[in-house]
Amino acid sequence: MVDDAHGMGCLGATGAGCLEHFGLGENQVPILMGTLGKAFGSYGAFVAGSEALIESLIQFARPYIYTTAIPPAVAAATRAALRLLQEEGERREHLHKLVQRFRAGAESLGLELWPSPSAIQPIIVGDDARALRLAEQLRERGYWVSAIRPPTVPEGTARLRVTLSAAHSEVQVDGLLDALQESWRVVGEAGV
Ligand SMILES: Cc1ncc(COP(=O)(O)O)c(C=O)c1O
């Protein structure tokens with residue numbers, strides 16, 4: 001099963017997500033879950049799989065049976081977003097350029113990034129308190145970057161989670177890189 005919350009709409013030549021990016025099909029990934037609240041900017045999620053799987057979920061999944069369905073207006077918003085994702089690939093290209101720009105800049109600052117082609121770029125910090133202080137420094141400079149700490153991630157791998165979007169500009173990415181450099185300097189000087 002793949003939970004493609006962060007790949008759907010962003011990765012793959014047509015934005016179809018991780019399966020398209022990695023060239024995987026139904027045989028390798030019999031259950032695909034996608035969320036609609038991220039690249040789609042809407043709400044909700046879907047599961048794609050065999051007829052037996054989908055029928056079983058419809059018949060037995062309690063949250064599906066006992067919860068009010070997604071309102072039609074939200075479904076319409078998701079369909080409109082799907083059209084944009086399919087027809088306006090330039091948004092995705094712009095996002096990928098921002099990702100590359102950010103990664104090149106962060107690497108030249110000596111920040112530790114893990115390999116990721118996605119819009120989410122984790123900067124590994126290690127220490128929980130230090131990650132919080134860095135996030136605070138960034139916020140003071142006008143950048144909202146969450147500090148993700150255990151138990152969400154393994155002990156000793158606290159990180160700053162940079163999330164880029166097609167709505168960002170190159171100037172904003174450069175501004176973030178400057179703010180990261182400055183925040184690192186300040187927190188480093190504080191002896192953390
Ligand atoms: C990997 C992953 N799966 C699922 C979800 C849940 O998405 P939603 O908030 O639309 O229910 C998230 C939300 O951050 C996520 O990161």
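Residues numbered from 1 in each chain as written. Predicted model: local features only at pLDDT ≥ 70, side-chain atom pairs only at ≥ 80, totals over all residues. Heavy atoms only, no water.

With that settled, the discussion passes to the domain arrangement of the protein chain. Segmentation of the protein chain into domains returns domain 1 (2-87) and domain 2 (89-189). Taken together, the 12 residues of domain 1 in the interface contact nine residues of domain 2. The junction of domain 1 with domain 2 conceals about 740 Å² of combined surface from both sides, 55% of it contributed by carbon and sulfur atoms. In terms of surface lost to domain 2, no three residues of domain 1 exceed His6, Cys10 and Leu11, which account for 53% of the buried area on that side. Counting every contact that joins domain 1 to domain 2 gives zero salt bridges. The tally of links between domain 1 and domain 2 comes to four residue pairs in polar contact (both at pLDDT 80 or more). Counting residues per element, the side of domain 1 that touches domain 2 draws most heavily on helix H4 (residues 72-87), which supplies three residues. Split by residue class, the side of domain 1 that touches domain 2 holds five nonpolar, six polar and one charged. (Domains from an automatic or database assignment. Contact = heavy atoms within 4.5 Å. Buried area = accessible area lost by both parts, 1.4 Å probe. Salt bridge = Lys/Arg side-chain N within 4 Å of Asp/Glu carboxyl O. Polar contact = N/O pair within 3.5 Å; in protein donor to acceptor, adjacent residues only side chain to side chain. Helix = DSSP H or I, 4+ residues; strand = E, 2+ residues; numbered from the N terminus. Nonpolar A, V, L, I, M, F, W, Y, C, P; charged D, E, K, R; others polar.)

A word on the confidence of the model for the protein chain. Residues at a pLDDT of 70 or more form 98% of the protein chain, whose mean pLDDT is 95. Summarising per-element confidence for the protein chain, the mean pLDDT is lowest in helix H3 (residues 62-65) (89) and highest in strand E5 (residues 146-148) (98). (pLDDT = per-residue confidence, 0-100.)

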